[in-house]
Amino acid sequence: MTTLLYKAAGDVRGDDILPLSQLRVHYPDLYELHFKKYVDRPHRVNAPVYPLDCTWADVVFLSPVHPAPIFEAMHESGRIGPVVVDYWTLDAELLDPARTCILLKRHDPELRPQPAEDFIPYTPEAVAALSTPSERALHRLRNLNATEPLYPWADIPHILHRGPIPLSAFRTADGDPVTA
């Protein structure tokens, strides 16, 4: 059975999904759009990604968890309305383990940057084992209060790939090839 990774669908230009640092050079308007999510924590983009010898801005982020349960939990909190999540998938076998790692996320606003031991080697088998959101993560999202920041992925493992990923490797939720 194919193990899938998930990426939010979005505005893409060119033939690759680019990390933030490359968006800044090639598509400044897209960089500004994506950088907005770091406005309250701009230092985050310089956080180290130890196993890949780079920073947060140098990687493409993917999730081993389907987005539906995450956004359903946020909806249950009353913080967001019903959401139809537009996402793309990527076969986990397509990523080079030498350019990819897994970051185990633990929601802790004071934990910056995450310690090196939170990064583990990438394998499709590890991705498969992490494909279900933890009850802790879903509980936090179901119980968000009115003033908490909406960080849907705060407790969800991240798959970090250093450098671009060809757009041709992605499929829409319906299984069709993604095109720019």
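A. Seen up close, the overall build of the protein. Along the protein, the regular secondary structure elements total five helices and eleven strands. A globule of 180 residues ought to have a C-alpha radius of gyration of about 16 Å, and the protein, at 16 Å, matches this closely. Burial analysis of the protein (180 residues in total) assigns 41% to the buried set. Of the contacts made within the protein by residues no fewer than 6 positions apart, 74% connect residues no fewer than 24 positions apart. Carbon and sulfur atoms make up 54% of the accessible area of the protein, which totals about 9,800 Å².

B. The arrangement of the environment of Leu 94 in detail. Here Leu 94 shows up in the loop between strand E6 (87-91) and strand E7 (100-103). Judged by its relative accessible area of 53%, Leu 94 falls in the exposed class. Once the C-alpha coordinates of Leu 94 and Ile 165 are considered, the two residues, 71 residues apart in sequence, prove to be 9.6 Å apart.

C. Structural view of helix H3 (residues 67-77). Listed as buried for H3 are Pro 67, Ile 70, Phe 71, Ala 73, Met 74 and Ser 77. For H3, the buried positions fall inside an angular range of 150 degrees around the axis, keeping them on one side. Contacts from the buried residues of H3 go to strand E1 (4-8), E6 and helix H5 (135-142). In the stretch just after H3, Gly 78 is the one whose phi turns positive, near 85 degrees.

D. Just the sheet that holds E6, in detail. Taken together, three strands build an open sheet; the order of strands is E1-E6-E11 and the sheet is antiparallel. Whereas interior strands pair on both sides, the edge strands pair on one side only; in this sheet they are E1 and strand E11 (170-172). Put simply, the sheet's adjacent strands are angled 35 degrees from each other on average, direction ignored. Direction of pairing for E1 relative to E6: antiparallel, over a ladder of five bridges. Residue pairing across strands places Leu 5 opposite Leu 90, the latter belonging to E6.

E. Quick peek at unusual backbone geometry. Positive phi values are uncommon outside glycine, yet Asp 53 reaches one of about 50 degrees. Looking at the secondary structure, you find Asp 53 in the loop between strand E3 (48-49) and strand E4 (54-55). You can call Asp 53 exposed: its relative accessible area is 66%.

F. The packing of H3 against H5, seen in detail. Contact pair H3 / H5: the axes reach a minimum separation of 7 Å and the direction vectors enclose 35 degrees. Packed against H3, whose contacting residues are Pro 69, Ile 70, Ala 73, Met 74, Glu 76 and Ser 77, the element H5 presents Leu 138, Leu 141 and Arg 142 at the interface. For the contact of H3 with H5, the per-class residue count stands at six nonpolar, one polar and two charged.

G. Region of the structure containing the sheet that holds strand E9 (residues 158-162). Read from one edge to the other, the open sheet built from four strands follows the order E5-E9-E7-E8, with strand pairing classed as antiparallel. Each having just a single partner strand, strand E5 (59-62) and strand E8 (119-121) make up the two edges of the open sheet. Neighbouring strand axes in the sheet, compared pairwise and without regard to direction, differ in orientation by 35 degrees on average. Relative to E9, E7 is paired through four bridges, and the arrangement is antiparallel. Note on E9: the bridge partner recorded for Leu 103 is His 158.

Cut-offs and rules
- Sequence order as written defines the numbering, with residues in each chain counted from 1.
- Thresholds applied to this predicted model are a pLDDT of at least 70 for local features of residues and 80 or more for the giving and counting of side-chain atom pairs; totals over whole chains, interfaces and linings are not thresholded and use all residues.
- Calculated side-chain values reflect all of the structure's heavy atoms, with hydrogen atoms and water omitted.
- The helix count covers DSSP runs of H or I at least four residues long, the strand count covers runs of E at least two residues long, and both are numbered beginning at the N terminus.
- Here the globule rule reads 2.2 Å times residues to the power 0.38, and the radius of gyration is calculated from C-alpha atoms.
- Remark: exposure states derive from per-residue accessible area (1.4 Å probe, protein chains only) relative to the maximum for the residue type, with buried under 20%, exposed over 50%, and partly exposed in between.
- Note on definitions: a residue-residue contact is assigned when non-hydrogen atoms from the two residues lie within 4.5 Å.
- For accessible areas, the Shrake-Rupley method is used with a probe of radius 1.4 Å. Any residue's cover is judged against the shown protein chains and nothing else.
- Of all possible arcs, the one meant is that of the directions from the helix axis to the C-beta atoms.
- In this scheme, strands are said to pair when DSSP sees at least two bridges between them.
- Where helices are involved, their axes are fitted lines through C-alpha atoms of the stretch in contact, as for all axes, and angles between N-to-C directions lie from 0 to 180°.
- Residue classes follow a fixed rule: Ala, Val, Leu, Ile, Met, Phe, Trp, Tyr, Cys and Pro count as nonpolar, while Asp, Glu, Lys and Arg count as charged, and any other residue, Gly among them, counts as polar.

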